[in-house]
Amino acid sequence: MNYQILEAHCVFENDKLKEVAVLWDDKGSVRGTFLTNEYSLGYDVLGSGSEISPQLLKRAAGRGRYLDDKRKKKYFPGKRNWSR
């Protein structure tokens, strides 16, 4: 699937990437997914040497966990046409 990334939010801890959240277009609706450096069964994780790149953002869109309401409000405040 071709992910059209609309916006991204990156969190660092001790100069290392800890979490990447992305908003992406899903045929007119907005979806949000994220990757962290913590293992979660069935989802991709950030490696210790992960660097921000278009490929990483697309990976977060395709293989990350859906944003919960708390993360939606924290990273991407404002009204959006969320599909999940």
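Every value quoted in this text rests on a predicted model; they were computed, and no experiment measured them.

K.L.:
Where do I start with the sheet that holds strand 4 (residues 65–66) in this structure?
P.N.:
Strand pairing within a sheet occurs via backbone hydrogen bonds; the two strands may be parallel or antiparallel. Spatially, 1-2-3-4 is the arrangement adopted by the four strands of the open sheet, whose pairing is antiparallel. The open sheet has two edge strands with one neighbour each: strand 1 (4–13) and strand 4. One ladder, built from two bridges, connects strand 3 (residues 29–36) with strand 4; its direction is antiparallel. Across the sheet, the residue bridging to F34 is R65, located in strand 4. Set on the sheet, helix 1 (residues 54–63) makes contact with strand 1, strand 2 (16–26), strand 3 and strand 4; between it and strand 2 the angle comes to about 70°.

K.L.:
When you look at the environment of L56 in this model, what are you seeing that I'm missing?
P.N.:
Topologically, L56 is positioned in helix 1. Note on L56: relative accessible area 5%, which makes it buried. Sequence spacing of L56 and L46 is 10 residues, and the spatial spacing of their C-alpha atoms is 8.9 Å. Leave out the neighbours within four places in its chain, and L56 touches L17, V20, L35, L46 and E51.

K.L.:
What am I meant to see in the pattern of salt bridges here?
P.N.:
Pairing between side chains of opposite charge can happen when their charged atoms approach one another. Overall, the coordinates contain seven salt bridges when judged by the stated rule. We note a salt bridge from E13 to K18, for which the minimum N-O separation is 3.3 Å. One salt bridge connects R31 with D26, and the closest N-O pair in it is separated by 2.7 Å. Classification of R31 by relative accessible area gives buried; the value is 17%. In the salt-bridge network here, residues are joined through shared partners; they are E19, D68 and R71.

K.L.:
Would you mind showing me how to read the packing of aromatic side chains here?
P.N.:
Working definition: an aromatic ring pair is given by the centre-to-centre distance plus the angle between the planes. The full count for this structure, using the stated rule, is two aromatic pairs. Measuring from centroid to centroid gives 4.9 Å for Y3 and W24, while their planes differ by 90°, and the two rings are edge-to-face. Taken together, the positions of Y3 in the segment before strand 1 and W24 in strand 2 put the pair 21 residues apart, joining distant regions of the chain. Residue Y3 is classed as buried on the basis of its relative accessible area, which comes to 15%. The exposure class assigned to W24 is buried, which follows from its relative accessible area of 4%. Consider the rings of Y75 and F76, whose centres lie 6.5 Å apart with planes at 75°: the pair is edge-to-face. Taken as a pair, Y75 and F76 share a single burial class, namely buried. In this arrangement the basic side chain of R71 is found over the ring face of F34, its NZ or CZ atom lying 4.1 Å from the centre.

Parameters at a glance
Residues numbered from 1 in each chain as written. Predicted model: local features only at pLDDT ≥ 70, side-chain atom pairs only at ≥ 80, totals over all residues. Heavy atoms only, no water. Pairing = 2+ DSSP bridges. Helix = DSSP H or I, 4+ residues; strand = E, 2+ residues; numbered from the N terminus. Contact = heavy atoms within 4.5 Å. Axes fitted to C-alpha atoms, helices over the stretch in contact; angles between N-to-C directions. Buried < 20%, exposed > 50% of the residue type's maximum accessible area, 1.4 Å probe, protein only. Salt bridge = Lys/Arg side-chain N within 4 Å of Asp/Glu carboxyl O. Phe/Tyr/Trp six-rings, centres within 6.5 Å; stacked < 30°, edge-to-face > 60°. Lys NZ or Arg CZ within 6 Å of the ring centre and 35° of its normal.

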